Amino acid sequence: MSRSPFTFRLVYHVAIVCLGALQFGYHLSELNAPEAYISCQARYRDFFRTSELVDCIPMNANQIGLVNSIFSIGGLISATVAGRAADKFGRRGLTMINCISYIIGPVIMSVSTNFYVLMLGRFISGLGSGASLIVIPMYLNEISPAAMTGMIGAMCQEFVNIGILSAQVFGIFFSDFTKWRVIVSIGGILGLVNLLLVPFCVESPKWLTLRNRVHDARVALIKLRGLSHGDVAETDLIEIDDLIESWKEKSLKKVDTVDSGGSSSDSTYSEPVEDTDCVQKITASQIVSEIGKQQETLSTILSSEEGSTLQSTDSNADGPHDFHQISYKEFLTARRFRRPLIAIIGILTAQQFCGINTMIFYGVTILSALFPTAAVLVNVLISLLNCIVNLGVAPLVDRVGRRPLLLISIGGMSTASFLLAFGILKNVTALSGVAATVFVAFFSVGLGPIPFLIIPELTEASSVGVAQSVGFTCNWIAVFLVGYLFPILNELIGGFVFFVLSGIAACYFIFTWKFVPETKGKTTFEAVWGQS
């Protein structure tokens, strides 16, 4: 289209759906600042009003690790089924279900009086977070104009960063023996706001197309493009219908089952990629001949545009559809998906094993040894920098590409981890502070935003849901291991733990260089992986 694809309605949809990512970030970091008060490890004399009741839950280092990491167990469980749930209930439908977990979890945490109830609340919050990290990147990918896919996809990580920053800012004001429950309660308020706003978003037009609800998909695209009556060009209608037809064409391609020799064949993919352009040109010419009819249809659609719920008018809207959905077994075993599987698991585990959650979960604890009186404030400033860097990098994802940013990010984190370890062991406060800041900044360059947006680009439309579930299941396992093991290792070997993280990041740099392809500007599975 000649008009800008960056519309108010598109921004609104991105912001509302990404509230789920914001809540994920908030819950990741909500225990960071008040941890010492929640666990009764802060000295009572540090509390300036000792006459008031000391409200805390006694926990040792092992229990603190469990409370932090149980969040990832909830995420792991929901991630294993969220992909299929998003295909069954829709992207918007699953987002609304996730809000329920985001409300119930914080309520339980806010009234907890012992270690086990606190864990239960964290677990339920994790359920919503795991499913959110599956459905949000799918939804953003499916509503984004082609030229803005990378930038909009990066908003998922930006909202995660905002959530982390928000939790740490609240930690400055409410980290004491009587106010820490306010921090965990705020998460429930965010969940309620999200639940009230999601119904005003349209369902994913791509999902609607795959359900044979073409009319609803057209309505959704018209709204997302910000079109209004009397302001619609023929090219607008052509592009919308061409996009819907392209989704149909891609989704009707079926992947054959794996043969006894372990290979897979698919005659549909033997056609050259360029043939898609021919299909689109034919479709466009047919649409031009029916513009008058479509203008009448558009007038009807726009007259009911203000409704918040879309009603299907397709005769086959609720009937069965012919689109082939890849099973978990096919995705995990078919030779055709082997390279995407390896790349997805590698990228999603790298995001965690390179060590970012050591700063998100335990940043205040780490920095307390370096800045005894200003650890919370320094942690907030680092998180603020994280948000700024991620926002600045977002436009570069579509310009520079995914792979170069991943390599820069992992390489920078490896170097920063090495310097942080050296600074801690040699007690060089300035070096440690700079290294911690650079460590988080390099994460925002690539490993933060790109894993959320790259999975749909590495695989096919028919396997996106399964691929998201597999990738984020591995991601949540990594979150659990880092969250649980770091305080134990930090207690055993101190700063040397960051030498370990530096080595792990170096290994992931080599992996990314060898096994992760560039996806920028490539719209088909064959173009990404060089298959014909």
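Calculation notes
- In this numbering scheme, every chain counts its residues from 1 along its sequence in written order.
- Whole-chain, interface and lining totals are the exception, using all residues; otherwise, since this is a predicted model, local features are given only for residues with pLDDT of at least 70 and side-chain atom pairs are given and counted only at 80 or more.
- Values shown for side chains rest on all heavy atoms present in the structure; no hydrogens or waters enter the calculation.
- Only DSSP runs of H or I covering at least 4 residues are called helices, and only runs of E covering at least 2 are called strands; the numbering of each starts at the N terminus.
- For every residue, the accessible area (1.4 Å probe, protein chains only) is compared with the maximum for its type, and the residue is labelled buried under 20%, exposed over 50%, or partly exposed between those bounds.
- Residue burial considers only the protein chains on display, and all accessible areas are found by Shrake-Rupley using a 1.4 Å probe.
- The patches reported here contain residues having more than 30% relative accessible area and no salt bridge. Joining distances are 9 Å for like charges and 5 Å for nonpolar side chains (Val, Leu, Ile, Met, Phe, Trp, Tyr).
- The salt bridge definition used is simple: a Lys or Arg side-chain nitrogen within 4 Å of an Asp or Glu carboxyl oxygen.
- We call two residues in contact whenever any of their non-hydrogen atoms come within 4.5 Å of each other.
- Note on terminology: disulfide denotes any pair of cysteine sulfur atoms within 2.5 Å.
- Under this scheme, a helix contributes an axis fitted over its contacting stretch, all axes are lines through C-alpha atoms, and angles between N-to-C directions fall in the 0 to 180 degree range.
- The labels follow the angle: roughly parallel below 35 degrees, roughly antiparallel above 145, roughly perpendicular from 65 to 115, and oblique for the rest.
- Each residue receives one of three labels: charged for Asp, Glu, Lys and Arg, nonpolar for Ala, Val, Leu, Ile, Met, Phe, Trp, Tyr, Cys and Pro, and polar for the others, Gly being one of them.
- Polar contacts here mean pairs of N or O atoms no more than 3.5 Å apart (in protein, one a potential hydrogen donor and the other a potential acceptor; neighbouring residues in sequence count only if both atoms are side-chain atoms).
- Residues belong to one nonpolar core when they are buried, are Ala, Val, Leu, Ile, Met, Phe, Trp, Tyr or Cys, and are joined through side-chain atoms within 4.5 Å.
- Under the pairing criterion, centres of Phe, Tyr and Trp rings, with the six-membered ring standing for Trp, must be within 6.5 Å; the plane angle then separates stacked pairs below 30 degrees from edge-to-face pairs above 60, leaving the rest tilted.

1. Some thoughts on the overall build of the protein
Thinking step 1. The number of helices and strands found in the protein is 25 helices and 0 strands.
Thinking step 2. Each of the 532 residues in the protein was classed as buried or not, and the buried ones make up 55%.
Thinking step 3. Carbon and sulfur atoms provide 64% of the accessible area of the protein, an area that totals close to 21,500 Å².

2. Focus on a nonpolar patch on the surface
Thinking step 1. A cluster of nonpolar side chains, L425, I477, L481, L485, L489, L492, I493, F496 and V500, forms an exposed patch at the surface whose accessible area comes to about 740 Å².
Thinking step 2. In terms of residue count, helix α23 (residues 464–493) provides more of the nonpolar patch than any other element does, 6 residues in total.
Thinking step 3. Using a relative accessible area of 65% as the deciding quantity, one classes L492 as exposed.

3. Considering the environment of L419
Thinking step 1. Note on placement: L419 falls in helix α20 (residues 402–425).
Thinking step 2. In the structure, L419 is positioned 14 residues away from G433 in sequence and 10.0 Å away in space, judged by C-alpha atoms.
Thinking step 3. Those residues in contact with L419 that sit more than four places away from it in its chain are L431 and A435.

4. Structural notes on the pattern of salt bridges
Thinking step 1. On inspection of all chains with the given rule, the structure shows 10 salt bridges.
Thinking step 2. In this structure, R402 engages D398 in a salt bridge whose closest nitrogen and oxygen atoms are separated by 3.2 Å.
Thinking step 3. Judged by its relative accessible area of 22%, D398 falls in the partly exposed class.
Thinking step 4. Through salt bridges with shared partners, one network takes in D87, R91 and E142.

5. Re the environment of A79
Thinking step 1. As for its position among the elements, A79 is in helix α4 (residues 61–89).
Thinking step 2. Taking relative accessible area as the criterion, A79 reaches 0% and is therefore assigned buried.
Thinking step 3. Counting along the chain gives 395 residues from A79 to C474, while the straight-line C-alpha distance between them is 9.2 Å.
Thinking step 4. Once you skip the residues sitting within four places of it in the chain, A79 turns out to touch G130, I134, S469, F472, T473 and W476.

6. Thoughts on the state of the cysteines
Thinking step 1. This structure, assessed with the given rule, holds 1 disulfide.
Thinking step 2. A sulfur-sulfur separation of 1.9 Å characterises the disulfide bridge that pairs C40 with C56. Linking C40 and C56, the disulfide has an S-S dihedral of approximately 105° and is accordingly described as right-handed. Of this pair, C40 sits in the loop between α3 (35–38) and α4 while C56 sits in the loop between α3 and α4, and the two are 16 residues apart along the sequence.
Thinking step 3. Judged by relative accessible area, C56 falls into the buried class, the value being 16%.

7. Describing the packing of α4 against α23
Thinking step 1. It is the contact of α4 with α23, at a shortest axis distance of 8 Å, that shows an interaxial angle of 175°. Judged by the inter-axis angle, α4 sits roughly antiparallel to α23.
Thinking step 2. Along the lines of polarity and charge, the residues of the contact of α4 with α23 split into 17 nonpolar, 11 polar and 3 charged.

8. As for the environment of T349
Thinking step 1. The topology assignment puts T349 in helix α16 (residues 338–353).
Thinking step 2. When the C-alpha atoms of T349 and P451 are compared, they prove to be 9.5 Å apart, with 102 residues separating the residues in sequence.
Thinking step 3. Look past the residues within four positions of T349 in its chain and what remains in contact with it is C474, A478 and Y508.
Thinking step 4. Among the polar contacts made by the side chain of T349, one reaches the main-chain carbonyl oxygen of G346 at a distance of 3.1 Å.

9. Regarding the nonpolar core
Thinking step 1. Ranked by size, the top nonpolar core spans 128 residues in total, and within it F331, F472 and W476 carry the most contacts.
Thinking step 2. Ignoring anything within four residues of it in the chain, the contact list for F472 reads A79, L133, I134, L348, F452 and I455.

10. So, the packing of aromatic side chains
Thinking step 1. Inspection of the entire model under this criterion finds 15 aromatic pairs.
Thinking step 2. With centroids separated by 6.3 Å and ring planes inclined at 70°, the aromatic side chains of Y26 and F170 adopt a geometry described as edge-to-face. Placement of Y26 in helix α2 (residues 19–29) and of F170 in helix α8 (residues 155–174) is noted, with a sequence separation of 144 residues between them.
Thinking step 3. Overall, Y26 belongs to the buried group, its relative accessible area being 1%.
Thinking step 4. The partly exposed category is assigned to F170, whose relative accessible area is 28%.
Thinking step 5. Ring plane angle 50° and centroid distance 5.9 Å describe the contact between F496 and F499, whose orientation is recorded as tilted.
Thinking step 6. The exposure class of F499 is partly exposed, given its relative accessible area of 27%.

11. Quick look at helix α11 (residues 214–224)
Thinking step 1. Most of α11 sits inside the fold, with 10 of its 11 residues counted as buried.
Thinking step 2. Three or more residues of α11 are buried, namely V214, H215, D216, A217, V219, A220, L221, I222, K223 and L224.
Thinking step 3. G226 sits one or two residues past α11 and shows a positive phi near 70°.

12. Details of the side chain of Q351
Thinking step 1. For Q351, the position within the fold is in helix α16.
Thinking step 2. At 3.0 Å, the side chain of Q351 forms a polar contact with the backbone oxygen of L447.

13. A closer look at unusual backbone geometry
Thinking step 1. Residue N212 is not a glycine yet carries a positive backbone phi of 65°.
Thinking step 2. Its place among the elements puts N212 in the loop between α10 (205–210) and α11.
Thinking step 3. With a relative accessible area of 16%, N212 lands in the buried category.
Thinking step 4. Positive phi, normally seen in glycine, also occurs at N427, with a value near 60°.
Thinking step 5. Tracing the chain through its elements places N427 in the loop between α20 and α21 (429–445).
Thinking step 6. Exposure remark for N427: the relative accessible area of 55% places this residue in the exposed category.

Nothing here speaks to function; it is geometry throughout.
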